[in-house]
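# Chains, contacts and geometry: an overview
In case you want the letters, here they are:
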Amino acid sequence: MGMHFGFIVAECEWPELHTALQARCGTLADAAEVSPSEWFDLPTGQDVFHVASVEGRTYVLDPAMVLSADSDLVVAIPVCQGDVRQVR
C-alpha cells in the first residue's frame, strides 16, 4: 500500500491544456495561484488538481487519478503540438 496519484505532462501552456480538458470533461474551475509559502497547505479533495507550468510544459498532479487514469482522454487531447504523457 502506498500513495497513488497520476500526472499528466503536456508540452503546452496551461491555458491551452485547460481549454482542451474542459472540451472533453466539462468545467474545471481554475483557482488562484498558490504562493510559495502556501505549498505545504494546498487544498485537498477528490476533484482537486495541482498545476504547474514551466518553460512551455504543463504538469498536472491528479491525486485521485480522476483524469490521468483515462488513457483515451490523455491521447485524445489535440491542442498540444508536442507530446502528452501519462504517468501513473
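The coordinates are above.
This write-up is about the structure you can find in this document. (Residues numbered from 1 in each chain as written. Predicted model: local features only at pLDDT ≥ 70, side-chain atom pairs only at ≥ 80, totals over all residues. Heavy atoms only, no water.)

For His18, the location among the structural elements is in helix α1 (residues 14-25). From its side chain, His18 meets the backbone oxygen of Leu28 in a polar contact 2.7 Å long. Not counting residues up to four positions away in its chain, the partners in contact with His18 are Leu28 and Asp30. (Helix = DSSP H or I, 4+ residues; strand = E, 2+ residues; numbered from the N terminus. Polar contact = N/O pair within 3.5 Å; in protein donor to acceptor, adjacent residues only side chain to side chain. Contact = heavy atoms within 4.5 Å.)

Taking 1.5 Å of rise per residue, 12 residues should cover 16 Å, and α1 covers 16 Å from first to last C-alpha, within 8% of that figure. Every buried residue of α1 is listed here: Trp14, Leu17, His18, Ala20 and Leu21. Projected onto a plane normal to the axis of α1, the buried residues spread over an arc of 165 degrees and lie on a single side. Exposed and oriented more than 90 degrees from the buried face of α1 are Pro15, Thr19 and Ala23. Those residues of α1 that are buried lie in contact with β1 (6-10), β2 (50-54), β3 (57-62) and α2 (71-76). Taken from the residues just after α1, Gly26 is the one with a positive phi, measuring 95 degrees. (Expected span 1.5 Å × (residues − 1). Buried < 20%, exposed > 50% of the residue type's maximum accessible area, 1.4 Å probe, protein only. Arc of directions from axis to C-beta.)

In short, the description is geometric, and any link to function would need to be established separately.
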